[in-house]
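# Structural description and commentary
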Amino acid sequence: MKIYITGVAGFLGSHLADSMLADGHEVVGCDTLIGGYLDNVNKGVRFEEFDCLDLERLSKSVKGCDVVYHTACLAYEGLSVFSPSIVCQNTMQISVNAMVAAIRAGSKRFVLCSSMARYGYQPITPFTEDMVCKPLDPYGISKFASEEILRVLAKTHGIELVIAVPHNIVGIRQKYDDPFRNVASIMINLMLQGRQPVIYGDGSQVRCFSDVDDDILLLNRMSTFNVADQVINIGPDKGEISILELANKISKIIDFDLNPIFVEDRPLEVKHATCSANKARKLLNHDSNTPLEVTLEKMVNWISSRGTCNFDYHLPVEIMNKLTPKTWSQKLF
């Protein structure tokens, strides 16, 4: 098959491209390089650098592709409260553009990478796909709105839609000089420089982290398995860990004397957010099994070999007021 991947230089997109190429598929993809690295892109990918906001360029690029994976996004949940314009435009609008391009190309299936932010606050965890979505922030609302629009377009124009909900995926190639997201990568980059990590609130926020290699197999299978019209969580529901505990695990791997800097909570952050993996086990016949310590060691080794670096405040903070996290307003990273 001929596979198209938006965001192919990003963390998720580049690993997906590797998986598809290994299976013998032809892979085409685009990226703006805002959220990824050029050296993430496999040499076997026919790569084009442009923005998915350019509908005509995207439509031309997707032509002839059987399956379209939409992984591109400014996936900045916390930042979306303070930069809603750029985040919403590069979440919902580019999702619509990617679907229009796929329909124009006559593609058979479209796989949307949504987000756990779609669920918002729920009284019960882990989150299951049948829950009523209550997104709290502009990013989560944009992701869920994208799903709703794409459902209408898919049904009307006869293209299969699968909605993947990746959550807290970590591993090598994740952007680690980004001050706005990727908590594990941020902590590793800081500690390798001998700097203390910054933690929002008291660090009691609970998540389940999963290795990217476990989750890419699930995404790969979404291109061929009988899962059209399904919403499927991608990630583990075992091994809950707090952000403070995550910092401790990383510090032990690096042999770093941990003394975190605590700052105020980020507005609208969900404290306990984990997703059920039962549907993925049932429909995609796979479970996430890589221990978090193994993944973190790989990340430490990869960042060490690639080289630590200063953080790049590469996106505008559109709203600066007393609620804006000091990590951004004062550039603490």
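These lines cover the structure that appears in this document, whether it is placed above or below.

Rules used throughout
- Residues numbered from 1 in each chain as written.
- Predicted model: local features only at pLDDT ≥ 70, side-chain atom pairs only at ≥ 80, totals over all residues.
- Heavy atoms only, no water.
- Core = buried A, V, L, I, M, F, W, Y, C linked by side-chain atoms within 4.5 Å.
- Buried < 20%, exposed > 50% of the residue type's maximum accessible area, 1.4 Å probe, protein only.
- Helix = DSSP H or I, 4+ residues; strand = E, 2+ residues; numbered from the N terminus.
- Contact = heavy atoms within 4.5 Å.
- Phe/Tyr/Trp six-rings, centres within 6.5 Å; stacked < 30°, edge-to-face > 60°.
- Lys NZ or Arg CZ within 6 Å of the ring centre and 35° of its normal.

Another aspect to go through is the nonpolar core. A general tendency of soluble globular proteins is for nonpolar side chains to be buried together. With 34 residues, the main nonpolar core has Tyr4, Leu58, Met99, Phe110, Tyr119 and Leu161 as its most contacted residues. The set of elements that each furnish at least two residues to this core consists of β2 (26-31), α2 (55-62), α3 (84-105), β5 (109-113), α4 (138-157) and β6 (160-166). Per element, the largest residue contribution to this core is 6 residues, and it comes from α3. For Tyr119, the contacting residues outside a window of four places in its chain are Phe127, Thr128, Glu129, Met131, Cys133, Lys134, Pro135, Val165, Asn233 and Cys275. Ile3, Ala9, Ile169 and Val227 belong to the second largest nonpolar core, which has 29 residues in total.

The next point concerns the packing of aromatic side chains. A full pass over the atoms with the stated rule returns 8 aromatic pairs. Each ring, one from Phe180 and one from Tyr313, has its centre 5.8 Å from the other, and the planes form 85°; the classification is edge-to-face. In this pair, Phe180 sits in the loop between β7 (169-170) and α5 (183-192) while Tyr313 sits in the loop between α9 (292-306) and α10 (326-329), placing the two residues 133 residues apart along the sequence. Taking the centre distance of 5.4 Å and the plane angle of 40° together, the rings of Phe311 and Phe333 count as tilted. Highlighted residues: Phe311 in the loop between α9 and α10 and Phe333 in the segment after α10, separated in sequence by 22 residues. Of the aromatic side chains, those joined through ring pairs into one cluster are Tyr76, Phe82, Phe180, Tyr313 and Trp328. Against the face of Tyr76 rests Arg181, its NZ or CZ located 4.4 Å from the ring centre.

Geometric descriptors of this kind do not, in isolation, establish any biological role.
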